[in-house]
Every structure is written in C-alpha cells, then in structure tokens.
Amino acid sequence: MESSSIIHKTASDLRLAPNLGDYEAERRVFSWAAVSRELADQPQGALNIAWQAVDRHAASSLRGKAAFRILARGTPTHFVTYGQLSALTNRFCNVLRDLGVGKGERLFILAGRIPELYIAILGSLKNGTAVSPLFSAFGPDPIATRVNLGEGAVLVTTDMLFERKIAKWRDRMPSLKHVLLVAEDGGTTAVPGTLDLSSLMASASDACEITPTTAEDMALLHFTSGTTGTPKGAVHVHGAVLTHWSTGRYALDLHVDDIYWCTADPGWVTGTSYGVIAPLLHGVTSIVDREEFDAERWYAILQDEGVSIWYTAPTAIRMLMKAGADIAKKYAFPRLRFAASVGEPLNPEAVWWGKQVLGLPFHDNWWQTETGGIMIANTPAFDIKPGSMGRPLPGVEAAIVSRQADGSVQVIEAPNKEGELALKRGWPSMFRGYLNSEERYRKSFSGEWYLTGDLARRDADGYYWFVGRADDVIKSAGHLIGPFEVESALMEHPAVAEAAVIGKPDPIAGEVVKAFVSLNNGFEQSEALRMALLGHARTRLGAAVAPKEIAFLTQLPRTRSGKIMRRLLKARELGLPEGDTSTLEAGP
Ligand code: ATP
Ligand code: MG
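Residues numbered from 1 in each chain as written. Chains lettered and ligands numbered in written order. Predicted model: local features only at pLDDT ≥ 70, side-chain atom pairs only at ≥ 80, totals over all residues. Heavy atoms only, no water.

Summing up its helical and strand segments, the protein chain has 18 helices and 28 strands in all. Relative to the 2.2 N^0.38 estimate, which gives 25 Å for 588 residues, the radius of gyration of the protein chain is 23 Å and therefore close to what a compact globule would have. Dimensions along the principal axes, computed over C-alpha positions, put the protein chain at roughly 70 × 60 × 55 Å. Within the protein chain, the proportion of its 588 residues that are buried is 61%. Taking the contacts inside the protein chain whose residues are at least 6 apart along the sequence as the reference set, 70% of them involve residues at least 24 apart. Of the charged side chains in the protein chain, 61 are positive and 66 negative; the average position of the first set lies 1 Å away from that of the second. (Helix = DSSP H or I, 4+ residues; strand = E, 2+ residues; numbered from the N terminus. Rg over C-alpha atoms; globule rule 2.2 N^0.38 Å. Buried < 20%, exposed > 50% of the residue type's maximum accessible area, 1.4 Å probe, protein only. Contact = heavy atoms within 4.5 Å. Lys, Arg positive; Asp, Glu negative; His and termini not counted. Charge placed at Lys NZ, Arg CZ, Asp CG, Glu CD.)

Structural data, given as structure tokens:
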C-alpha cells in the first residue's frame, strides 16, 4: 500500500552525521573488495568472524569497553568487556580442541540469553566449528530434528534444559559426541554422560591461535522461521562478515559510541547477525535482555540504558502499540537516535506510531535467513515512505522478476508492477546451501538471480513495497490480493491490534478474503464491531479487495521469531492438517 505521506529527513533528525550520506553516490562507488579492506588484516590471510568481531578490538583501545551488558530481573547487570570476551572465547575454543572437536564439525546451543550463549557462538567460530543457536523454548522434537539435520557433534545447554528436553531423547541424536552443561544456579554440574562447562573453561588456557578459516568455510547454520512450511536449514560462511559489517554501517548506522539493543534471540538469524556479530564488528556496546517481552520493562530499558540504536520487530511494536501510549509517556528517550524493524511487513500505522510515541519513525528493512544480512532498508540517507521496506543497500542488486515456464526469469523493468523479489548473486552472506536439500537450493536460483519467494513492487523512486509471500497471495475474482495491504487497512482502525488475512476457497470467486483480528485493550468483540470493521475495510480497499469475513481471535498464531502463521489459520479454517508446528509460539 502506497501511503501518500512521506516522512522527510530533516537535519534535526540526525544527531550524528549518518554513515550513509548520499545513497546514490555510495551505491556507485561501493565494492565488496573495498569493504574487505575496511576489515582488519587477519594473520595468515585468514577470515574469521570471531576474530573480526572480538579479537581485533581486544587488541585496541576498546579492550576495556563493554561488549555486552546482560540484564536479568533481580540480578545486577553482567558486563562483558571486549578483552574478557576475547579471553573467554579463546578458552571455549580450547575446550573444543581438548575434546577433539575440529573444523567443519557442528555445535548446537540450546540456552537462554546467558553469557555462555555468546561465548559458545564466538568460541566455536574461532575453532572453525560451525554453530547453530536454537530457541531455548523449543521442545524435544524440534531440537532433535535440527541436531540430526545438522549432524551436531556438540550440544551446549543448561542443566535444567538438559533434564527437561534432552536426557530422555539423547539416543535420538546419535551424532552427538559431547554435551556441555552450564549450571543455571551458577555453580557446577555433575550429570552422567555430560561435561561441566565451567570446569572445562576454568582449566582451559585463555591463549589461542584461531583455526585459520577462509571466506568459504562454514560458520553458521540457521533454520528458517517455518512460516510457510517445515523450517529449512541454511548454511552460512565466514565471508558473511563483510555483509554484517557493511549493513551494520549502512542500515543500522552503528557508530562506535552507540548503545545498541537488538531484541531478537540468537535462535533466529536476526539475533546472531545483528544481536551478536554486527554490533561487535563496530565496537559498540550491546544490551542483552534475558527476559521475555514486557512493555514497561522495554521502555525502562530504552530509557535507563540510554539505548541509541534499537533494532526490533513488527510483532513487538504491535504489542507496544496494544499496551497503549500512556505507558510510553512515563519514560523519555533522549538518547535514542535510530529505530529499525525487521521480520514482517511494517504497517504504516506502526511507522507513524514510532514517530509520535518515541519521537522517531521506525525504519523497516527486509531480509531472510537465506540472505544472512539486511538487503533492502530504509536508511538515514533518504525519506521514509511508510509501508515501504526501503531501497537495496550498497552492494545489493535487487529486481522484480517473473518466472517463465522454461525456468528462466524475466526482469520487470517498469515501476509499480508486482512480481517476485529477486537478488543478484554475489553478496557475501548469501547462503551456500539448504541442509539435506540440494535440489531445493538449486531451484531457488535462476541464472544470476536468487528468487526470494516474496512478492513485491518497486516504485519509480526505487523503493520496494512488500505485497506478500508468494504462498499467501490471494486470488479472488480475477484480482491478486496481497495480504499486507488488507492487514494494514484493518490496522488503521483503532480497535485492531493485529490482523492476518487468508484466501478461503469459494466456488464463484476462486477465493474470498477472510481476516482474523485481535483487538486493542479497551475494545470488546461484538457483532457491531465486526460490521464496523467490514465497513471500514470496504471504504479503504473497495469491495473487490476487502475481506468478506472477519473473525476475532484473542491472539494470532505466530512463530517464535514473531511472524504471523497464516498457513496455520488457513489449515484450521479448512480443517486441514496443521503441518510443521515446531516453531509455533505457545498460546496464551
Ligand atoms: P519459512 O521460509 O520457513 O517459511 P520465514 O521465511 O518466515 O520461514 P525467515 O527467513 O525468518 O523465515 O523470514 C524471512 C521472511 O520474512 C521474508 O522472506 C519475508 O517474507 C518476511 N520479512 C522479513 N522482513 C520483512 C519486511 N521488512 N517486510 C515484509 N516481509 C518481511
Ligand atoms: Mg522463507
């Protein structure tokens, strides 16, 4: 949906000169080779994410600076400096070596956002061991499926999680050679068949020569959110660090003195690329909150920690909106200078809400597990058109294409035409495979284009507008309807907190639009409200596109990464099997 209003950049919005000043000019001169030169030269010509992120700074004036401030209810803030992080990740790397775990093997982590999670991710990378962080809320099945798919040799988890989710199921993960446990009470563990991580760390050396890795060596395994089907395992390499660095610079505008908060858990690719790697590459201090979402708590963190750059997701923004602006008014955010969002389309309402309540608009950006880093973004360098995901970053070539019957694609040059969003091969963080699924990997490319599976439009100014996932688009009486447009219109109504629409089979129209909505605090479900919403949508969208049916739900089903699962609403509506629900967030 193209909003007529634009949020213009003004000099007073920018308290610091942005890293990306002139978008067009930077795109013209940009090269990945130049980014490579910006990163420090690593010994032996190697390229390792952890060395670039940590050791380089530990050897500089940033040594004593906090890399992480880890917050948890009822305990004092836990600070980890760059120097400490370097030594601790060296120790972890040595722990793996002492166990005989080497380059190319895979390590899984199942833990909340505790210090050991960050140490294990980076320590593993130093050893050339590929790492896959999992959501700690996963149950035994999703854990075993992923460990088996990734042939995990090592699992790092806590004593409590082990007892609840692994102990009885360990036989189902035959590739696992070692389980390293962290005691949740901060002490040591003595569980048969496992090793106590704190003891191993205590006896390991804190000096370590990093295993020489190259840009093409496997670094991270990330599973997709499972929004459209069974989650896929995407393979990423050390060379991705170039994208992490450049996107941290251009899309998040990280400056070394920033206090940065990425609210994503490392169990989702955002929480690793932008909750761990990109901020460290830029030498900033990151806030990590171990607790779950809580509106009051989040505003207090933004205020009390002096957050200057905030990266969050539409689902969280909608929850803050639902909690009401009055809570926000109790807090002040004078240090906040840039807010960004990823994961789902960001409704124009939410962009404006940011401006009204936080004092600055949200900058939507787009990417996927497969792309490894941000590809399209609203940056500080240009005006925001609320509802648009922005423009391709320097180094990223995007296009709208249509797939042809012979498997080739045709680029659609004309503006404002819908088609599939495609990216030209060659950005460093491109995934290098789907685990166990070569055929699927091959099919996601056509010639020089990677096909994203998302439908979008590009306007005459080069801004991209999300239409919907190819799987979610509705065909009704000859119209192609993108769910996002309908959902955004519903969200404009003051009663609506969240909306999801699906196509429901219909003998005449092919499909009709059905909407599911949850309501803001202070609104009650009623027939009158349903009629009012139907009327509102018809006025905003016209009868052909507006929903024919609206149902109320107290909460919409979503993935652990916060995405609304339309396929589940559809399966339930049609009485079909629910399919893979491993990433479904537990209901209220
Ligand atoms: P699966 O591939 O298993 O169905 P998923 O695609 O949701 O899951 P992710 O890789 O976590 O898994 O999510 C990427 C997708 O999220 C994108 O392809 C897009 O559909 C959606 N997305 C991310 N950011 C945005 C955005 N800013 N606007 C619109 N959609 C977005
Ligand atoms: Mg996907």
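Having seen the model, we can carry on.
In this section: the side chain of Asn 365. Here Asn 365 is to be found in strand E14 (residues 362–366). A polar side-chain atom of Asn 365 sits 2.7 Å from a polar atom in the side chain of Tyr 311. When near neighbours in sequence (up to four residues on either side) are disregarded, Asn 365 contacts Tyr 311, Ala 340, Ser 341, Val 342, Ile 374, Ile 376, Ala 377 and Met 389. (Polar contact = N/O pair within 3.5 Å; in protein donor to acceptor, adjacent residues only side chain to side chain.)

It is worth spelling out the site of ligand 1 at this point. Lining the immediate environment of ligand 1, one finds 21 residues, of which Ser 225, Thr 227, Thr 228, Asn 365 and Thr 369 sit closest. A distance of 3.4 Å separates a nitrogen atom of ligand 1 from a polar backbone atom of Pro 345. Take Gln 368: an N or O atom from its side chain is 2.9 Å from an oxygen atom of ligand 1. For ligand 1, whose accessible area on its own is 630 Å², the fraction buried by protein is 97%. In terms of residue count, the dominant contributor to the shell around ligand 1 is E14 (3 residues). The residue makeup of the shell around ligand 1, split by class, is 6 nonpolar, 9 polar and 6 charged. (Near = heavy atom within 4 Å. Areas by Shrake-Rupley, 256 points an atom, 1.4 Å probe, with all protein chains shown as cover. Nonpolar A, V, L, I, M, F, W, Y, C, P; charged D, E, K, R; others polar.)

Bringing the sheet that holds E14 into the picture now. The strand order across the open sheet formed by 9 strands is E2-E1-E11-E10-E12-E13-E14-E15-E16, and the pairing between neighbours is mixed. Lying at the two open borders of the sheet, with one neighbouring strand each, are strand E2 (75–81) and strand E16 (391–392). The pairing of strand E10 (residues 259–262) with strand E11 (residues 285–289) spans 3 bridges and is parallel. Residue pairing across strands places Trp 261 opposite Ile 287, the latter belonging to E11. Sheet contacts for helix H11 (residues 295–304): strand E1 (66–72), E10, E11 and strand E12 (309–312); angle to E11, the most-contacted strand, approximately 160°. (Pairing = 2+ DSSP bridges. Axes fitted to C-alpha atoms, helices over the stretch in contact; angles between N-to-C directions.)

Time to look at the sheet that holds strand E28 (residues 549–552). Spatially, the 3 strands line up as an open sheet ordered E26-E27-E28, and their pairing is mixed. In the strand order of this sheet, the two ends are held by strand E26 (496–506) and E28, each with one partner. Between one strand axis and the next, the sheet turns through 25° on average, direction left out of account. Relative to strand E27 (residues 510–519), E26 is paired through 10 bridges, and the arrangement is antiparallel. Bridging across to E27, Glu 498 finds its partner in Ser 518.

A word on the UniProt feature "domain: AMP-binding enzyme C-terminal" (unreviewed entry) in the protein chain. According to UniProt, the feature "domain: AMP-binding enzyme C-terminal" (unreviewed entry) maps to residues 485–563 in the numbering used here. As annotated, residues 485–563 comprises 28% helix and 32% strand, and the C-alpha atoms at either end are separated by 16 Å. (UniProt positions renumbered as here; feature names shortened; annotations may be inferred.)

Look at the UniProt record and you will see "domain: AMP-dependent synthetase/ligase" (unreviewed entry) annotated at residues 70–435. In this annotation, residues 70–435 is assigned 31% helix and 23% strand; the end-to-end C-alpha distance for the span is 33 Å.

For the rest of this paragraph, the subject is the environment of Phe 135. By the secondary structure assignment, Phe 135 is in the loop between strand E4 (130–134) and helix H6 (140–149). Overall, Phe 135 belongs to the buried group, its relative accessible area being 12%. Put simply, Phe 135 and Val 147 are 12 residues apart on the chain and 13 Å apart in space, counted from C-alpha to C-alpha. Residues in contact with Phe 135, not counting those within four places in the same chain, are Leu 110, Asp 265, Gly 267, Trp 268, Arg 560 and Ser 561.

Considering all chains together, one arrives at 24 aromatic pairs under this definition. Measuring from centroid to centroid gives 4.9 Å for Phe 293 and Trp 298, while their planes differ by 65°, and the two rings are edge-to-face. Between Tyr 434 and Tyr 441 the ring centres are 6.4 Å apart and the planes differ by 90°, which places this aromatic pair in the edge-to-face class. Of the two residues, Tyr 434 and Tyr 441, both sit in the buried class. (Phe/Tyr/Trp six-rings, centres within 6.5 Å; stacked < 30°, edge-to-face > 60°.)

With 15 residues, helix H17 (residues 527–541) extends 21 Å between its outermost C-alpha atoms, agreeing within 8% with the 21 Å of an ideal straight helix rising 1.5 Å per residue. Restricting attention to buried positions, one finds in H17 the residues Leu 529, Leu 533, Leu 534, His 536, Ala 537 and Leu 541. Take H17 and look down its axis: the buried residues cluster within an arc of 160°, on one side only. Seen from the buried face of H17, the exposed residues on the opposite side, beyond 90 degrees, are Ala 528 and Thr 539. Elements in contact with the buried residues of H17: helix H16 (483–491), E26, E27 and E28. (Expected span 1.5 Å × (residues − 1). Arc of directions from axis to C-beta.)

Attention now goes to the nonpolar core. Core analysis: the largest hydrophobic core is formed by 117 residues, its most contacted members being Phe 68, Phe 92, Leu 280 and Tyr 311. Beyond its immediate stretch of four places on either side in the chain, Leu 280 contacts Ala 53, Val 54, His 57, Ala 67, Phe 68, Tyr 82, Leu 85 and Leu 122. Ranked by size, the runner-up nonpolar core spans 31 residues in total, among them Trp 261, Ala 300, Ala 316 and Ala 350. (Core = buried A, V, L, I, M, F, W, Y, C linked by side-chain atoms within 4.5 Å.)

Taken domain by domain, the protein chain comprises domain 1 (3–24 + 32–456) and domain 2 (474–574). Taken together, the contact between domain 1 and domain 2 spans 24 residues of the former and 23 residues of the latter. Between domain 1 and domain 2, the buried area comes to about 1900 Å², and carbon and sulfur atoms account for 54% of it. Across the contact surface, domain 1 and domain 2 share 1 salt bridge. Residue Arg 318 pairs with Glu 498 through a salt bridge whose shortest N-O separation is 3.8 Å. Counting the contacts that link domain 1 with domain 2 gives 9 residue pairs in polar contact (both at pLDDT 80 or more). Elements represented by at least two residues in the side of domain 1 that touches domain 2 include exactly helix H12 (314–323) and helix H14 (348–357). Element by element, the count of residues in the side of domain 1 that touches domain 2 is highest for H12, at 6 residues. (Domains from an automatic or database assignment. Buried area = accessible area lost by both parts, 1.4 Å probe. Salt bridge = Lys/Arg side-chain N within 4 Å of Asp/Glu carboxyl O.)

With their axes 8 Å apart at the nearest point, helix H4 (residues 82–98) and helix H5 (residues 115–126) run at an angle of 60° to one another. Note that H4 runs across H5; the crossing there is right-handed. Facing H4, whose interface residues are Leu 85, Ser 86, Leu 88, Thr 89, Asn 90, Phe 92, Cys 93, Leu 96 and Arg 97, H5 presents Ile 119, Ala 120, Leu 122, Gly 123, Ser 124 and Lys 126. Its residues assigned to classes, the contact of H4 with H5 comprises 8 nonpolar, 5 polar and 2 charged. (Left-handed = near helix turned anticlockwise from the far one by under 90°.)

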